[in-house]
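Descriptive analysis of the structure
Residues per chain, in single letters:
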Amino acid sequence: MSNYLVAMEAAWLVRDVEDIDDAIGVAVSEAGKRLNDQSMDYVEVEVGATTCPACGEPFDSAFIAAGTALVGLLLEMKVFNADSEEHAQRIAKSEVGGALRDVPLEVVETIEYEEDEEIQLGTDE
């Protein structure tokens, strides 16, 4: 049995917004509220990053058209005592997906770690 940090990307729609910052704020707030309503305050919620195809630099995953925004959220959840990486991913998607019904989720990264170890996504350590 191992411990894992599972990172998932969620596609969140925000209607009637005029700028990116408002869309991001609303998306993070709404997702956090729905998770907290299910006593899932252990799930970290933040705006995701998309890589610019021209320069390769990351920028906030948010796009607005016709007053409607699509915001890419990054959701991180620690899963304890899973049998395998795939098992940890299924647990995380089931838990988060149950709280965020009708929100598309995709696992983007899974890291195995020891209980006393500090973990950080996106590093080669």
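Reading guide: rules and limits
- Residues numbered from 1 in each chain as written.
- Predicted model: local features only at pLDDT ≥ 70, side-chain atom pairs only at ≥ 80, totals over all residues.
- Heavy atoms only, no water.
- Helix = DSSP H or I, 4+ residues; strand = E, 2+ residues; numbered from the N terminus.
- Rg over C-alpha atoms; globule rule 2.2 N^0.38 Å.
- Buried < 20%, exposed > 50% of the residue type's maximum accessible area, 1.4 Å probe, protein only.
- Contact = heavy atoms within 4.5 Å.
- Areas by Shrake-Rupley, 256 points an atom, 1.4 Å probe, with all protein chains shown as cover.
- Lys, Arg positive; Asp, Glu negative; His and termini not counted.
- Charge placed at Lys NZ, Arg CZ, Asp CG, Glu CD.
- Salt bridge = Lys/Arg side-chain N within 4 Å of Asp/Glu carboxyl O.
- Core = buried A, V, L, I, M, F, W, Y, C linked by side-chain atoms within 4.5 Å.
- Expected span 1.5 Å × (residues − 1).
- Arc of directions from axis to C-beta.

Per the secondary structure count, the protein chain includes two helices and seven strands. Going from the N terminus to the C terminus, the protein chain shows its helices and strands as β-α-β-β-β-β-β-α-β. At 15 Å, the protein chain has a C-alpha radius of gyration in line with the 14 Å of a compact globule built from 125 residues. Principal-axis analysis of the C-alpha atoms gives the protein chain an extent of 50 × 40 × 20 Å. Counting only residues that meet the buried cut, the protein chain has 37% of its 125 residues in that class. Considering only contacts in the protein chain between residues 6 or more positions apart, those separated by 24 or more positions represent 72%. Approximately 7,900 Å² of the protein chain is accessible, and the part contributed by carbon and sulfur atoms is 44%. Considering the protein chain, the positive charge centre built from 7 side chains and the negative charge centre built from 29 side chains are found 12 Å apart.

Looking now at the pattern of salt bridges. Considering all chains together, one arrives at one salt bridge under this definition. Close ionic contact of Lys33 with Asp37 constitutes a salt bridge, the shortest N to O distance being 3.2 Å. One end of the pair, Lys33, and the other, Asp37, are both in helix H1 (residues 20-37), four residues apart, so they sit about a helical turn from each other. What makes Lys33 exposed here is its relative accessible area of 52%. The exposed category is assigned to Asp37, whose relative accessible area is 52%.

Okay, the nonpolar core next. Counting residues in hydrophobic clusters, the biggest one holds 30 residues, and the most contacted among them are Trp12, Val71, Leu73, Leu75 and Val96. Looking at this core, the elements that each hand over two or more residues are strand S1 (2-15), H1, strand S6 (68-82) and helix H2 (85-99). Per element, the largest residue contribution to this core is seven residues, and it comes from S6. Those residues in contact with Trp12, other than ones at most four positions away along the chain, are Ala27, Glu30, Ala31, Arg34, Ala69, Leu70, Val71, Leu73, Leu100 and Val103.

As a further point, take H1. Taking 1.5 Å per residue, 18 residues should reach 26 Å; H1 reaches 26 Å between its end C-alpha atoms and fits that length. Buried within H1 we find Ala23, Ile24, Ala27, Ala31, Gly32 and Leu35. End-on, the buried residues of H1 take up no more than an arc of 150°, which puts them together on one face. Turned more than 90 degrees away from the buried face of H1 sit Asp21, Lys33 and Asp37, all of them exposed.

With respect to the secondary-structure elements, Glu106 resides in strand S7 (residues 105-113). Sequence-distant contacts of Glu106, that is, excluding residues within four places in its chain, are made with Ala7, Met8 and Glu9.

A separate point is H2. For H2, built from 15 residues, the straight-helix expectation of 21 Å at 1.5 Å per residue is met to within 8% by its first-to-last C-alpha distance of 22 Å. Three or more residues of H2 are buried, namely Ala88, Ala92, Val96 and Ala99. Down the axis of H2, the buried set is contained in an arc of 50°. They therefore lie on one face. Exposed positions of H2 whose direction lies more than 90 degrees from the buried face are Arg90 and Ser94. In the core, the buried residues of H2 are packed alongside S1, H1, S6 and S7.

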